Amino acid sequence: MFRVKFLCVMLISVLSLGVQAQKKLEGVVRDRHGKAIPYANVLLCQSPDSTLLANTITDLQGNFVFDETPQQNTFLKISYIGYSPKFVQLTEDLKHITLSDKIHNLNEITIKGAKKAIIEDATGFTVKVKDYTSTQGKSALEVLEVIPGVLKNGTQISVMGKTATIYVNGRSLNLSGKAAENYIASLQADNVKSIRVITDPDAKYDANITGGIVDIELKYDKGEGINSGIILGAGIKKTGMVYSPSISFNYRKNKMNWYGSYGFYTGKFEKDIDQVQHYQENDKKYINENHEFKKTDGVSNNITLGLDYFASKKHTIGLLIQAGTYNGEDDSGIETYIYPEKEDKPKDVSIQSDLFKDNSNKNITSNLNHHWKIDSTGASLNTDITLSYIGNDNSHLMKSTHLNDVYSGNSQNIDNQNTILTARMDYVKSFRNQLRLETGWKANVLKRSIKQGYVEFEKVETTPQNIDTKYDENIVAGYAKLDKKWKTNSIAVGVRAEHTYYKGNTEEEFSDNYWDLFPSFSFRQSLTKKSSLSVSYLHKIVRPSLSKLNPYRFYNGYNIYQQGNPNLKPYYIHYINLRYSIPSVVTLSLSHSRYNDQIFLDPQRNPKTNEIVNTYQNLGNSNKTSLYLYIPLRIGSWWRSNFSAVANYDIYDNQYQGRDWNSDNLWASVQLYNQFKISKTFTSEWTFFYSTKRNWFETVIDPRANLNIRFIKSLWNKKGSISATLVDPFRWNSYASTLNSGDIHLDISESTDRTMLRLTFSYNLGSNQVKSKRRRSTGAESIEGRVK
């Protein structure tokens, strides 16, 4: 053993002497803090054409060595990911070579951790999907459910307790609820590059976006050919089958990129709705019970066709057409019992009602887009012109038979036509001193026409209505935003100006004309390499949806309906947020919102007909303080978990029915996500959601819960997958509330047959290297959402 060691030592010594006999080129590479940079690339090049003579990498101590004898006119080029390349002359001190940090984005600071999966800035953070979670056999929706700060309850997606607007590649998706869920589910997770969560949308965004934004960035590859995908979805439930297939394609050849998609959703749903009203008449208390069994059957279709023409490296022209339809009917049977409060409920039904509703909705949007990359510094100009049409034709017929054989009922038909013209332009410019400017303008022109026929017959009070409504609205906006970044902090300041003009005509004319300024501010400070502290302020507006402005009757039951109010005004929000974050450990956020002239439903009871009329009103102010907590847990290589919780404290300060109305409310919601990796191709996911009892003005909403269990199997080298999901298997996701307002006491409970076994098969056809289409918005999303 001693001889072996001795021979090795002698051999190493001889080799060392041989190496030392040569003229070597040695050096050390460090960062600005003096720490060694291992595995940096070191190239030995010759001038004037930078011919490569030799190359090596640094060791763990940052050392490098070349055995070759340097020739004349030679230099070193040293580079490493995250640092600016450096050119070094051999006459310089090679023992003290320092690389400078390279900054890619003006207001981003990378949180270093496992694969640098999360990048934070002052208004939110970006998750690099591949580095954060597994994408094997998943859809974008399944990835979205595990992103920090994002909560999903049913079809509702929120960010840190605030309703989220979904964007794709920087543009609003213009879908919500089930339609948005279906679209996101149609995107393959392998095609998602990152997901950006904007907790505090600044002046760049429409002032009526009051919640958060979830922006899904899709990959941009450079291959040519065809890429397509197919998803076959079906649900098994007690009412029968639910179907949701979809197909998409993308074809790129030379300067042309064609893309399109088609999907439909159809199924039957049932809902039980119980409404118990307590009221007083002639000094005697009564109970009015409504028990409704509702059956819904409908079909929705959505189609997208688009073309991108890459005219040059700087100019891209795009054409986008989106269309959707929904046709469905509701068939309800309503049993009404009316009896004195201290007596037993009678066996016979006081009123038997049949309610029929036909709904036909259609929309089509065409968009022309021009994108101009002005120069190599990142300056760009984006222009959109959009024309949209949204039409709704809804009919309603209620037939009632009373205990004494008196026949009554009402019928209603609404024909709603909307045309929207939108133009927008956005300019981005980066400067050398790490300053970034974003500015632009946007204009919306809305023309709305509604014809409503309403007849009520054989009641104590008959109120026939034939209302023709014309409504015009113009909103013009401009914004400017500046970002500045230093080594450990960043700041963003912006302002948005919006001018709103609208004019409507029902039985009387109503109009308004006003300017608003919406400032925004955000600041972020890095405390350590992994932690940061951010503060932001926003000013927002909530304009009433157009249905709330028009005095229509929308029946929720035999004797309960809602009615619009043309005198509604928008309400305003002041929002401030403080956030502390260590992305791989914990995120803690404390926010406060002030709502001025908030819109609520004001319930009133008609003593003659015993009807409850809910009318929208600007009823006063409220304050909301929220504490958000997110903790990612990595229990093992096979088990990961995410815990999210939001605690809210609401204070209402209202003028209601001629008196002061003050109240406060403490409530919370939690979500727990667990992912179990059973094998390389088989995973299981469990998502649990719970919300405590809460107050919404005078309505008390009971606790709610939901549980989804999913099993996913990837197939054929990740090109396909099959999943089975148990949706609400224990039927926890039901709704119950109690309203106490003046002489109204109303209990409502709803149970929908959400429980189902959902099966999904997906498969990617063609090449995954085909460049993805430029999924973009039409520019009319904010106003289209208020029209529907």
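### With respect to the overall build of the protein chain
When helices and strands are tallied, the protein chain shows six helices and 45 strands. By residue count, 48% of the 788 residues in the protein chain fall in the buried class. Within the protein chain, contacts between residues separated by at least 24 positions form 64% of all contacts whose residues are at least 6 apart in sequence. Carbon together with sulfur atoms contributes 57% to the accessible area of the protein chain, which is approximately 37600 Å² in total.

### Here's the deal with the sheet that holds strand β1 (residues 25-30)
Overall, mixed pairing links the three strands, which are arranged β4-β1-β7 in an open sheet. Each of the sheet's edge strands pairs with one partner strand only, and the pair in question is β4 (63-66) and β7 (97-98). Bridging between β1 and β4 involves four bridges; their strand directions are antiparallel. Counted as the bridge partner of L25 is F66 from β4.

### As for the pairing of strand β20 (residues 256-281)
Across eight bridges, strand β19 (residues 246-253) lies against β20 in antiparallel orientation. Across the sheet, residue N250 finds its bridge partner in β20, namely Y259. In this sheet, strand β21 (residues 284-310) lies alongside β20 in antiparallel orientation, the contact comprising 26 bridges. When the sheet's bridge partners are listed, G263 is paired in β21 with N302.

### Quick notes on the side chain of R543
Mapped onto the secondary structure, R543 falls in the loop between β30 (532-542) and α5 (546-549). A polar contact of 2.6 Å, which involves the side chain of R543, links it to the side chain of E498. A distance of 3.1 Å separates a polar atom in the side chain of R543 from a polar atom in the side chain of T500.

### Notes on the nonpolar core
Grouped together as the largest cluster of nonpolar side chains are 30 residues, with contacts concentrated most on Y132, I147, I184, I195 and V214. The set of elements that each furnish at least two residues to this core consists of β10 (124-128), α2 (129-132), α3 (140-144), β12 (156-159), β13 (162-168), β15 (192-198), β16 (212-218) and β35 (611-636). Among the elements that make up this core, the one with the highest residue count is α3 (four residues). Contact partners of V214, with chain neighbours within four places excluded, come to L144, V150, V159, A164, T165, I166, Y167, I195 and R196. If you look at the next biggest cluster of nonpolar residues, it comprises 21 residues, including F510, L546, L549 and I573.

### Focus on the pairing of strand β9 (residues 118-121)
Along β9, one buried face is formed by I118 and E120 and the opposite face, lined by I119 and D121, is buried too. Examined bridge by bridge, β9 and β10 share four bridges and lie antiparallel to one another. Across the sheet, the residue bridging to I119 is T126, located in β10.

### Details of the packing of aromatic side chains
The full count for this structure, using the stated rule, is 15 aromatic pairs. Residues W639 and F676 carry aromatic rings whose centres are separated by 5.4 Å and whose planes lie at 40° to one another, so their mutual orientation is tilted. On the criterion of sequence distance, the pair formed by W639 in strand β36 (residues 639-656) and F676 in strand β37 (residues 659-679) is long-range, its members being 37 residues apart. Ring pairing ties together the aromatic residues F600, Y652 and W696, which thus form one cluster. Over the ring of Y337 we find K345, and its NZ or CZ is 4.7 Å from the ring centre. In this structure, K429 is placed above the aromatic ring of F431, and the distance from its NZ or CZ to the ring centre is 5.9 Å.

### As for the confidence of the model for the protein chain
Across the protein chain, the average pLDDT comes to 79, with 83% of residues at 70 or higher. Per-residue pLDDT stays below 50 along residues 103-115; that stretch engages in 41 contacts with residues further than four places along the chain or on separate chains. Contacts from residues 768-781, a stretch scored under 50 in pLDDT, to residues over four places away or in other chains number 76 contacts.

### Some points on the side chain of K237
Position of K237 among the secondary structure elements: in strand β17 (residues 225-237). At 2.9 Å, the side chain of K237 forms a polar contact with the backbone oxygen of D753. Apart from residues lying up to four places away in sequence, K237 is in contact with V242, K268, F269, D753, T755 and M756.

Rules used throughout
Residues numbered from 1 in each chain as written. Predicted model: local features only at pLDDT ≥ 70, side-chain atom pairs only at ≥ 80, totals over all residues. Heavy atoms only, no water. Helix = DSSP H or I, 4+ residues; strand = E, 2+ residues; numbered from the N terminus. Buried < 20%, exposed > 50% of the residue type's maximum accessible area, 1.4 Å probe, protein only. Contact = heavy atoms within 4.5 Å. Areas by Shrake-Rupley, 256 points an atom, 1.4 Å probe, with all protein chains shown as cover. Pairing = 2+ DSSP bridges. Polar contact = N/O pair within 3.5 Å; in protein donor to acceptor, adjacent residues only side chain to side chain. Core = buried A, V, L, I, M, F, W, Y, C linked by side-chain atoms within 4.5 Å. Phe/Tyr/Trp six-rings, centres within 6.5 Å; stacked < 30°, edge-to-face > 60°. Lys NZ or Arg CZ within 6 Å of the ring centre and 35° of its normal. pLDDT = per-residue confidence, 0-100.

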